[in-house]
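# Tertiary structure, described
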Amino acid sequence: MELGKIERLLDRYDEGETSIAEEKLLREYFLSEDVPEHLRSYQLMFRFSASQAEEKLENKPKVVSKRNWYSWTSIAAILIVALGIFFYNDSSRMLNDNGLGTISDEELALQKTKETLHMVAQIMNEGKSDLVYLKEFNNTKNKIIQID
Amino acid sequence: MKEHTFLEIINPVKDKMYRMALRLLTSKEAAEDATQEVILKLWNRKEKIKSYANVEAFAMTVTKNYCLDQLKLKQNSNLRIVHQNYESKHISLQTEIEVNDEMQWLGRIVASLPEQQKMIFQLRDIEQYDYEEIAKIMDMKQTAIRVNLSRARKAIREKLIKKHNYGIR
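Every chain is numbered on its own, with residues counted from 1 as its sequence reads. Each chain takes a letter, starting from A, and each ligand takes a number, starting from 1, following the order in which they are written. Confidence filtering applies because this is a predicted model: local features only for residues at pLDDT of at least 70, side-chain atom pairs given and counted only at 80 or more, and all residues used for totals across whole chains, interfaces and linings.

Per an unreviewed UniProt entry, chain B is named Sigma-70 family RNA polymerase sigma factor, and its organism is Christiangramia lutea. Heading Sequence similarities (unreviewed entry) of the UniProt record for chain B holds this comment: "Belongs to the sigma-70 factor family. ECF subfamily." UniProt positions are given in the numbering used here, feature names are shortened, and annotations may be inferred rather than shown by experiment.

Now the structure itself:
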């Protein structure tokens, strides 16, 4: 396009009188061709406008990130289950190998069980005997609060 | 209105809304927040949205008003950071690059314009709306818009030339 026409358009551009179509002509001219020195400032302006129009809203909708989060948790869950099965097998085998001193004689087993239960009962009784004092609470309370 | 139809209306406009917010609020994070807020507002009144003749212009108006409100809020509650041109004889590489970067300079020049001119420049030269639509968005007369646009264009170029000559002469 000849320079004279461009300059006439630019004058009207400065006054805000150009139409969208005319501005498009100017934009194409300034974005594609080498321009004379005295029009450099216009070229910068059109380049700036063009570069600014490329700015985009970048943030993705939240749904996407949530899905992402789900995939990570599923990976984590699979890992946990896999490792769990692995270690579970391992440790059960170890328990079997050790042998926990299981008693095979029935008589002896009964005897031992009785002893153990007896001991537990004894300790329970000892503990319970200490709780007799708790009765005092009720006695005192009844003096103050009378519930009929 | 279903989500799908709403998205079809919003998707072509949302980048324009974001750029408008970015022009006014400067910070990317603030602009993203503003865009999201405005879209949420539009979603909340989605039943009414069809009754507006020009949804895009309406969306842009809401964005503009929301950003201006945000600016007012900030001015009330915060200290204003006034840009000072501190002269430094020791120019760091960073600033040297920045000074050379003409696009950044233009960004700063545009940022220094009055809000109205900034918005009209954004709508016309960057988003390429026609005057009728800008009049609708800005709620102004077309003649007033032309005057403001002309002022903005001239001011930008004047500052640009001043800056350029400063380096040379």
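What follows picks up the thread again.
## Some thoughts on the environment of B:L22
One can find B:L22 in helix α1 (residues 3-25). Backbone-placed C-beta atoms define the burial measure: a residue is buried with 20 or more other C-beta atoms within 10 Å of its own, exposed with 12 or fewer, and partly exposed in between. When the 21 C-beta atoms within 10 Å are taken as the criterion, B:L22 is described as buried. C-alpha separation for the pair B:L22 and B:T35, spaced 13 residues apart in sequence, amounts to 9.3 Å. By definition, residues are in contact whenever their C-beta atoms, placed on the basis of the backbone, come within 7 Å of each other. Leaving out residues up to four positions away in the same chain, B:L22 has contacts with A:E55, B:K28 and B:A31. Counting from the N terminus, the helices are the DSSP runs of H or I reaching at least four residues and the strands are the DSSP runs of E reaching at least two.

## With respect to the nonpolar core
All names here are of chain B. Counting 43 residues, the largest nonpolar core has M17, A21, L25, A34, I120 and I134 as the members making the most contacts within it. Considering every element that reaches this core, the biggest residue donor is α1, with eight residues. In this structure, A34 is in contact with A21, L25, T63, Y66, C67 and Q70, ignoring residues within four places of it in sequence. Each nonpolar core comprises buried Ala, Val, Leu, Ile, Met, Phe, Trp, Tyr and Cys residues, the members being joined through C-beta atoms within 7 Å.

## Quick word on unusual backbone geometry
Residues and elements named next belong to chain B. Its identity is not glycine, yet Q128 carries a phi of approximately 55°, on the positive side. Note on placement: Q128 falls in the loop between α6 (115-126) and α7 (131-138). Accessibility expressed as a C-beta count within 10 Å gives 14 for Q128, which makes it partly exposed. The phi dihedral of D139 falls on the positive side, at around 55°, and the residue is not glycine. Residue classification places D139 among the exposed positions, given that 9 C-beta atoms sit within 10 Å.

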